[in-house]
Amino acid sequence: INGKVFVSSSDRSYGAVYSNSVKVYDRSTKKVISRTGDNNNTRLVYLEGSDTELIDITSNIIPADLSYYRFNPDGGLVTHRNDQYHGDHPLDRTLVKSFPDGSGFITGSSGTINTKDLIYVRSLASAVSNSFSDFEFSEEGTIIYAAIKQQRKIDVINYPALTVAKSYSTAFNIFRIFRDGNQLISIGVSPTFPTYLMLEKINL
């Protein structure tokens, strides 16, 4: 982003024991420009369409914790904000996606929605009573495609109303989904050969 690389590292040699493990590198010189962060080994997620905003979710703290960062074009830290809930709402570093406009993100099998200001909005599961394996968005962010692994289907959920408009069935248990224009690509797991990943395309 802007010729910079943002890395969540395991390096605890700078500052306090766990802090400053998020490093910003200049892509051309490979030199560290700045450092920040509260914990090491976090999952960094770029907030789509922003310039430049990221969140991270911890992997070494129970319950998981959350931080927000905004950087200037030179890679310097402008804003650093911490989670105020500390476990009140589910977070999952392995399942987190930004809304297309960067205004917020969705995380966890319950579909926890937060704003980029780290304000909890609501959870999809509270409205549609399902456990999810992945999410995608329409280009405008007004539709959330929510994959339900064991039921082998993808719900089309209107946002922010959280009404299910329709569902698409899949042949396999869904691991990940991606949107490519007017198609959803579902990566599934074969029940017969669990080490194989199966690809399905769904026309929207």
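Keep in mind that this is a model prediction, so the values were computed, not measured.

Colleague: How should the overall build of the protein be read in this particular structure?
Modeller: Looking only at helices and strands, one finds 1 helix and 18 strands in the protein. The C-alpha radius of gyration computed for the protein amounts to 18 Å, which stays within 12% of the reference 17 Å derived for 204 residues, consistent with globular compactness. With respect to the three principal axes, the spread of C-alpha positions in the protein is 50 × 35 × 30 Å. The buried share of the protein, reckoned over its 204 residues, is 46%. When contacts within the protein are restricted to residue pairs at least 6 apart in sequence, long-range pairs at least 24 apart make up 35% of them. Accessible surface, the protein: about 10,100 Å² in total, of which carbon and sulfur atoms supply 49%. Within the protein, the 21 negative side-chain charges are centred at a point lying 5 Å from the centre of the 21 positive side-chain charges.

Colleague: So what exactly am I meant to see when it comes to the confidence of the model for the protein here?
Modeller: Predicted coordinates in areas of low pLDDT are best not read in detail. Across the protein, the average pLDDT comes to 92, with 97% of residues at or above 70. Looking at the elements of the protein, mean pLDDT is at its lowest for helix H1 (residues 124–128), recorded as 77, and at its highest for strand E12 (residues 134–137), recorded as 98.

Colleague: Please clarify how the sheet that holds strand E17 (residues 183–189) should be interpreted in this entry.
Modeller: By way of backbone hydrogen bonds, the strands of a sheet pair with one another, either parallel or antiparallel. Ordered by their spatial adjacency, 3 strands build an open sheet running E16-E17-E18, and the pairing between neighbours is antiparallel. With one partner strand each, in any of the chains shown, strand E16 (173–180) and strand E18 (197–203) form the two edges of the open sheet. Sheet twist, expressed as the mean angle between neighbouring strand axes with direction ignored, is 25°. One ladder, built from 7 bridges, connects E16 with E17; its direction is antiparallel. From the neighbouring strand, Arg176 faces E17, where its bridge partner is Ile187.

Criteria and cut-off values
Residue positions are given per chain, counted from 1 along the sequence in the order it is written. At least 70 in pLDDT is required for a residue's local features to be given in this predicted model, at least 80 for side-chain atom pairs to be given and counted, and no such filter applies to totals for whole chains, interfaces and linings, which use all residues. Hydrogens are left out, water is left out, and the side-chain values use all remaining heavy atoms of the structure. Put simply, DSSP marks the helices as runs of H or I at least four residues long and the strands as runs of E at least two long, and each gets a number from the N terminus on. We take the radius of gyration over the C-alpha atoms and set the globule estimate at 2.2 Å times the residue count to the 0.38 power. Type-normalised accessible area, obtained with a 1.4 Å probe on protein chains alone, sets the label of each residue: buried when under 20%, exposed when over 50%, and partly exposed for intermediate values. Residue contacts are defined here by distance: any two heavy atoms, one from each residue, within 4.5 Å place the two residues in contact. A 1.4 Å probe and the Shrake-Rupley method give the accessible areas. Residues count as covered only by the protein chains that appear here. Under the convention used here, Asp and Glu are negative, Lys and Arg are positive, and both His and the chain ends fall outside the count. To locate a charge, take NZ of a lysine, CZ of an arginine, CG of an aspartate or CD of a glutamate. For every residue, the pLDDT score states the predictor's confidence, bounded by 0 at the bottom and 100 at the top. At least two bridges found by DSSP between two strands are what make those strands a pair. Between N-to-C directions, angles cover 0 to 180 degrees, with each direction set by a line fitted to C-alpha atoms, over the stretch in contact for helices.

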